[in-house]
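Spelled out from the first residue to the last, the chains are:
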Amino acid sequence: MSASQAFYGDVLGWTYRRAGLGDDFCVALSDGLPVAGIGALASSLQVAVSWTPYFAVSDVDAAAARIRERGATVAVGPLAFHSGRAALATDPDGAAFGIWEGAVRSDWTVGRGSAPAWLELRTRDTADAARFYSQVLGWAPETEDGFTLVHEEDHAVLRQDDQVVAKIRDGGVRATPDPQIRPRWHVYYRVPEVSASVSAALNGGGSLVSPPDASPALREATLRDPDGALFTVTPG
C-alpha cells in the first residue's frame, strides 16, 4: 500500500491518514479533506486492482438481495468492518461496484469540494443499467433525499441537489479483453494541471491510456497506475 500512496501522492497531491478499518486501509486527503479510500485487499479477496465506487445503503443485506434478484452478482460479503458493513458486487454487465451500510460523512459527496469530480458508468445499454441501479439503490426521477436520475439524450445523469454525481452512457463491450472498453465505473479526479499529473504518473511507473499523447493542451487523460487500476484526471 505504501507504493500506491507514493504514486498517488505524486500524481494527485494526496496525503493520507488511517481509516479506522484496520492496517490494510487508509483515507486519501486533498487539502486535508477526504478524497478516496485505499485498501490493500486485492490479493486476499482475489479481485483485480481497480478504483471502485461504493454507494451508501440503509441495509446492506437487503441491497445485496436486490442485486441477486436482478441477475447480478455479489462477489464478496457482506463483510463487517469497525464502522459498518460492505459488499462488493458486479452489475449484470460485469461492472464492479460496492455497497456500504454504516457511517458516512454528511459533508462529503462526489462532485463537491475535494471529492472526485464525478463517476461514469460506461455500459452496454444505458436504459438497462439505469433501471438496474434505480431498483437496487433507489435512484428515481424524484426522491426525498435529493437524488434524481434523469435521462438526457443518449445517457443518464444522477444528481444530488442539482450537483452531477454520476453519468451512465453506452460504450461498454462485455466480451472485450480490454479493461478500458469493458463495462466499468470510471472515476474522474480533479487536478490543477493535467499534463503535470500525466508526467508524474509516467515517472512513477504508470502509463497513459488515452489520449495517446501528453501535450500541454490536454483537457483530461486516462491513466493506469503501476498495479493496473484505471482512473481519469480532469482540470479542477
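Structure's up top.
Residues numbered from 1 in each chain as written. Predicted model: local features only at pLDDT ≥ 70, side-chain atom pairs only at ≥ 80, totals over all residues. Heavy atoms only, no water.

Draft legend 1. Broad picture of the overall build of the chain. A count of helices and strands for the chain gives five helices and 15 strands. Within the chain, the proportion of its 236 residues that are buried is 44%. Summarising the internal contacts of the chain: among those between residues at least 6 apart in sequence, 52% fall at separations of at least 24. Surface accessibility of the chain: about 11700 Å² in total, with carbon and sulfur atoms responsible for 50%. (Helix = DSSP H or I, 4+ residues; strand = E, 2+ residues; numbered from the N terminus. Buried < 20%, exposed > 50% of the residue type's maximum accessible area, 1.4 Å probe, protein only. Contact = heavy atoms within 4.5 Å. Areas by Shrake-Rupley, 256 points an atom, 1.4 Å probe, with all protein chains shown as cover.)

Draft legend 2. A look at helix α4 (residues 126-137). Over its 12 residues, α4 extends 16 Å from the first C-alpha to the last, a length consistent with the 16 Å expected when each residue adds 1.5 Å. Those residues of α4 that fall on the buried side of the exposure criterion are T126, A129, A130, F132, Y133, S134, V136 and L137. Capping the start of α4 is the job of one residue whose side-chain oxygen sits 3.1 Å from the backbone nitrogen of A127: D125. G138 occupies a position one or two residues after α4 and carries a positive phi of about 85 degrees. (Expected span 1.5 Å × (residues − 1). Polar contact = N/O pair within 3.5 Å; in protein donor to acceptor, adjacent residues only side chain to side chain.)

Draft legend 3. How the structure looks around the nonpolar core. Judged by nonpolar contacts, the single largest core of 52 residues is most densely connected at W51, I99, W185 and F231. Per-element accounting of this core gives the leading share, six residues, to α4. (Core = buried A, V, L, I, M, F, W, Y, C linked by side-chain atoms within 4.5 Å.)

Draft legend 4. Focus on helix α3 (residues 60-69). Those residues of α3 that sit buried are V60, A63, A64 and I67. One side of α3 carries all its buried residues, which in axial view fall inside an arc of 100 degrees. Those residues of α3 that are buried lie in contact with β5 (73-81), β6 (84-90), β7 (96-102) and α4. Where α3 begins, one side-chain oxygen reaches toward the backbone nitrogen of D61, 3.0 Å away; that side chain belongs to D59. Positive phi appears at G71, one or two residues downstream of α3, with a value of about 80 degrees. (Arc of directions from axis to C-beta.)

Draft legend 5. Representation of the packing of α3 against α4. For the pair α3 and α4, interaxial distance at closest approach is 9 Å and the crossing angle is 150 degrees. By the criterion of interaxial angle, the relationship of α3 to α4 is roughly antiparallel. When the axes of α3 and α4 are compared, the crossing they make is right-handed. In this structure, α3 uses A63, R66 and I67 to contact α4, whose residues at the interface are F132, Q135 and V136. Of the residues belonging to the contact of α3 with α4, the class tally is four nonpolar, one polar and one charged. (Axes fitted to C-alpha atoms, helices over the stretch in contact; angles between N-to-C directions. Parallel < 35°, antiparallel > 145°, perpendicular 65-115°, else oblique. Left-handed = near helix turned anticlockwise from the far one by under 90°. Nonpolar A, V, L, I, M, F, W, Y, C, P; charged D, E, K, R; others polar.)

Draft legend 6. Structural view of the pattern of salt bridges. If you walk through the whole model with that rule in mind, you get eight salt bridges. A salt bridge links E69 to R70, with the shortest nitrogen-to-oxygen separation between them at 3.3 Å. Judged by relative accessible area, which is 30%, R70 ranks as partly exposed. Note that D128 and R131 form a salt bridge whose closest N and O atoms lie 2.9 Å from each other. With D128 and R131 both in helix α4, this residue pair falls three residues apart, about one helical turn. According to the relative accessible area criterion, D128 is partly exposed, its value standing at 32%. For R131, a relative accessible area of 45% puts it in the partly exposed group. One connected set of salt bridges, linked through shared partners, spans D93, R124, D128 and R131. (Salt bridge = Lys/Arg side-chain N within 4 Å of Asp/Glu carboxyl O.)

Draft legend 7. The packing of aromatic side chains, seen in detail. Tallying each qualifying case throughout the model produces 16 aromatic pairs. An aromatic cluster is built from F7, Y8, W14, W51, Y189 and F231, whose rings are joined through pairwise contacts. The aromatic ring of W118 is capped on one face by K167, whose charged end is 4.6 Å from the ring centroid. (Phe/Tyr/Trp six-rings, centres within 6.5 Å; stacked < 30°, edge-to-face > 60°. Lys NZ or Arg CZ within 6 Å of the ring centre and 35° of its normal.)

Draft legend 8. Broad picture of the sheet that holds strand β1 (residues 15-18). What the three strands build is an open sheet, ordered β1-β2-β3; its pairing is antiparallel. Either end of the sheet is taken by a strand with one partner, and the two such strands are β1 and β3 (33-39). Between one strand axis and the next, the sheet turns through 35 degrees on average, direction left out of account. Examined bridge by bridge, β1 and strand β2 (residues 25-30) share four bridges and lie antiparallel to one another. Looking across to β2, one finds that T15 is bridged to L29. (Pairing = 2+ DSSP bridges.)

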